[in-house]
Amino acid sequence: MSGTLKRTVQDAFDEPACATNRAKSATARKAGCAKPLTPGAAAGGCAFDGAMITLQPIVDVAHLVHAPLACGGNSWDNRGSASSGSMLYKTGFTTDLTELDIVMGRGERKLYRAIGEIVEAHAPPAVFVYATCVTAMTGDDIVAVCKAAAQAFATPVIPVEVPGFAGSKNLGCKLAGEMMFRHVIGTREPAHTTDTDINIIGDYNLSGELWQVKPLLDRLGIRILGSLSADARYRQVAQMHRARVTMLVCSHALQGLARKLEETYDIPYFEGSFYGISDTSAALRSLCALLVKRGASADLLDRCEALIAEEEAKVRAALEPYRARVTGKRVLLYTGGHKTWSIVSALQELGVEVVGTSVRKATDNDKARVIQVMGTEAHMYENMAPRDMYATLKASGADILMSGARSQFVALKARTAWIDVNQEKHEPYAGYMGMVDLVRAIDRSVNNPMWAQLHRPAPWETTRPAAPGLGAAEGADGPGAPQANDCASGQDRLAPGEPADTANPADPADPASDFEDC
Ligand code: SF4
């Protein structure tokens, strides 16, 4: 790792705005926040991947990955961020280095040429160049190439020096914020400013979630001047230094950037969430209060209260038909960050019981919020292996698992309904109306008539009279026919005439007993 990168990583570890970090000793701070990996467990993405998912939602920028093909392919568009305009961010650009390029030291030349081709073909407002493990190890000076290319092609070319080996995906997200602070923020002035200009940091407009919130801000006359990086344009990042207030949606990775904006440009920030009715209202209140403090007209507070009252009434009326259908359902939540508590409180508002929530990737603040909304830390889980998740689903009697796509097969195996609440999801659940969409998804999933059929015993699990002359061990259908002890049922073989235990085919004492493959 180069000295510059080492210093950048160390600075990211030493985040004074992070309460967890402040509580650590100087030695512990040096070691950073990454936990040692469990052998055999997925690592969850490299630092380059983290930088890419943080910045790729900037929709009009050309994102050029300086690497052999696979780095770009592995990280391409793995979040469903939506755009209201340019679709350039959906084009995967890479220098596609070959072995020969590396041996012959042609990386820098190839990069320069690639930037030129992109500018000529697409004329983007900026090109972001991502370093990766290979090009960092071959020593390609991407900062120098970007500088030369920016002058030659009269276009900002931004080096994102976050190679994969620098650390975890989370660190990559932090460093992406740092790159924007160093190279982009403050480089352009907005055509005009207002007293109600804000930055939103840490939202990525996943499946269009920002569009469920923006109409509320529009009605209050609040303008999203800067965005990192929900439906963002390059200029929206470049002019972030002129906003009056910053809202930090994801409380962890980009906190350092919010702090630096406050220290350098005097822009106060607060952490909030747009998941759930009460959290959306709280976020709007905090936003308006801070704006008024910074000079916006005091009537903003009254207009905010009027809007909240109207929207809450509207959403509660829209939720009413679903209440009886979802109240009392039990949910196991396996997600991360602020969603660990914001979705819990959203579900509780509807009488849905949350039997447990994961607190992996959650900060101490997030954990404190979980205890606040759930009353106890008894239902908080760290990382769960699939087997443990299966056992928890069975033991808790959960009706539904809400998680990322990787856990959906555990739910399938446990014959439990599943809803995607992670970054790859296809439905937006933010803001007031997002809550209605979420409840509709829960209702659709958990009350699907398919579950009754699925939980009904299979035909071979019911008792049949044994054929004369055949022993119990071979059953009525003869040798080789499906037997009552096949792993689908998990039961012992039935004696002739013995009724099958159709109510509970698995061993109730061992919730994981039927998780084994055949
Ligand atoms: S080679 Fe490095 S940068 Fe590329 S995907 Fe693998 S860890 Fe990430």
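Values in this document were obtained by computation on a predicted structure and should not be read as measured data.

Calculation notes
Residues numbered from 1 in each chain as written. Predicted model: local features only at pLDDT ≥ 70, side-chain atom pairs only at ≥ 80, totals over all residues. Helix = DSSP H or I, 4+ residues; strand = E, 2+ residues; numbered from the N terminus. Buried ≥ 20, exposed ≤ 12 C-beta atoms within 10 Å, placed from the backbone. Contact = placed C-beta atoms within 7 Å. Near = placed C-beta within 6 Å. Nonpolar A, V, L, I, M, F, W, Y, C, P; charged D, E, K, R; others polar. Pairing = 2+ DSSP bridges. Axes fitted to C-alpha atoms, helices over the stretch in contact; angles between N-to-C directions. Core = buried A, V, L, I, M, F, W, Y, C linked by C-beta atoms within 7 Å.

Asks: How do you make sense of the overall build of the protein when you look at a structure like this?
Replies: Looking only at helices and strands, the protein has 21 helices and 13 strands in total. Residue burial in the protein is summarised as follows: out of 518 residues, 45% are buried. For the protein, the proportion of contacts with a sequence separation of at least 24, taken over those separated by at least 6, is 70%.

Asks: Quick question: what am I supposed to make of the site of the ligand here?
Replies: Taken together, Cys46, Phe48, Asp49, Ala67, Cys71, Asn74, Thr132, Cys133, Pro163 and Gly164 are the residues near the ligand. Taken together, the residues of the shell around the ligand sort by class into six nonpolar, three polar and one charged.

Asks: Hey, could you run me through the pairing of strand S3 (residues 127-130) in this one?
Replies: Within a regular beta strand, the side chains point alternately toward one face of the sheet and then the other, so they alternate between its two faces. Because side chains alternate across S3, one face comprises the buried residues Val127 and Val129, and the other comprises Phe128 and Tyr130, equally buried. Two strands pair when backbone bridges link them, and strand S1 (residues 62-65) and S3 are joined in this way by four bridges, in the parallel orientation. Residue Val65 lies in a different strand from S3, and its bridge partner there is Tyr130. Pairing of S3 with strand S4 (residues 157-160), which is carried by four bridges, proceeds in the parallel orientation. Along S4, the bridge assignment pairs Tyr130 with Val160.

Asks: Explanation requested: helix H11 (residues 210-219) in the structure shown.
Replies: Because an α-helix packs 3.6 residues into every turn, residues spaced three or four apart end up facing the same way. Every buried residue of H11 is accounted for by Leu210, Gln212, Val213, Lys214 and Leu216. Tucked into the core, H11 has its buried residues touching strand S6 (223-228), helix H14 (277-293), helix H15 (299-326) and helix H20 (431-446). Positive phi appears at Gly221, one or two residues downstream of H11, with a value of about 75°.

Asks: Teacher, can you tell me more about unusual backbone geometry here?
Replies: Across the chain, the bulk of peptide bonds are trans and the bulk of non-glycine residues have phi less than zero. A cis amide bond links Leu228 with the next residue in sequence, Ser229, at an omega value of 0°. Looking at the secondary structure, you find Ser229 in the loop between S6 and helix H12 (234-238). With a phi angle near 45°, Ala123 is a residue other than glycine that sits in the positive phi range.

Asks: Teacher, can you tell me more about the sheet that holds strand S2 (residues 93-94) here?
Replies: Reading across the sheet, the four strands line up as S2-S1-S3-S4 and stay open at both edges, with parallel pairing between neighbours. The open sheet terminates on both sides in strands that have one partner only, identified here as S2 and S4. Pairing between S1 and S2: two bridges, direction parallel. Looking at the pairing, Leu64 lines up with Phe93 of S2.

Asks: Is there a simple way to explain helix H18 (residues 386-396) in this structure?
Replies: Inspection of H18 places Met389, Tyr390, Thr392, Leu393 and Lys394 among the buried residues, and these make up the whole buried set. Taken together, the buried residues of H18 touch strand S9 (330-334), strand S10 (353-358), strand S12 (400-403) and helix H19 (408-413). Once H18 ends, the next one or two residues include Gly397, with phi positive near 70°.

Asks: How should I be thinking about the environment of Gly328 in this particular structure?
Replies: Its location among the elements puts Gly328 in the loop between H15 and S9. Note on Gly328: 10 C-beta atoms within 10 Å, which makes it exposed. Taking C-alpha positions, Gly328 is 6.0 Å from Glu353, a pair spaced 25 residues apart along the chain.

Asks: Help me out: how do you make sense of the environment of Ala441 in this one?
Replies: Along the polypeptide, Ala441 turns up in helix H20. As a C-alpha pair, Ala441 and Trp418 span 23 residues in sequence and 9.7 Å in three-dimensional space. Here Ala441 is in contact with Ile419 and Glu427, once residues within four sequence places are set aside.

Asks: Explain the environment of Glu189 here, please?
Replies: Mapped onto the secondary structure, Glu189 falls in the loop between helix H10 (169-183) and strand S5 (197-201). Taking the C-beta count within 10 Å as the criterion, Glu189 has 12 such neighbours and is therefore assigned exposed. With 46 residues separating them in the primary sequence, Glu189 and Arg235 have C-alpha atoms 8.7 Å apart.

Asks: Would you take a moment to explain the pairing of S9 for this structure?
Replies: Buried residues dominate S9, accounting for four of its five residues. The pairing of S9 with S12 spans four bridges and is classified as parallel. Note on S12: the bridge partner recorded for Val331 is Ile400.

Asks: Can you walk me through the sheet that holds strand S11 (residues 380-381) in this structure?
Replies: Within a sheet, each strand pairs with its neighbour through backbone hydrogen bonds, oriented either parallel or antiparallel. The strand order S11-S10-S9-S12-S13 describes an open sheet built from five strands, whose pairing is parallel. Among the strands making up the open sheet, the edge pair consists of S11 and strand S13 (417-420). As judged from the two bridges shared by S10 and S11, these two strands associate in the parallel manner. When the sheet's bridge partners are listed, Ser358 is paired in S11 with Tyr381. Taken strand by strand, H18 contacts S9, S10 and S12, and its axis lies near 160° from that of S9. Those strands touched by H20 are S12 and S13, and its axis lies near 155° from that of S13.

Asks: Any chance you could explain the nonpolar core here in plain terms?
Replies: Formed by 131 residues in total, the largest nonpolar core has its most connected members in Leu64, Val129 and Val160. Element by element, the count of residues in this core is highest for H20, at seven residues. Sequence-distant contacts of Leu64, that is, excluding residues within four places in its chain, are made with Phe93, Thr94, Ala114, Ile115, Ile118, Val127, Phe128, Val129 and Tyr130.

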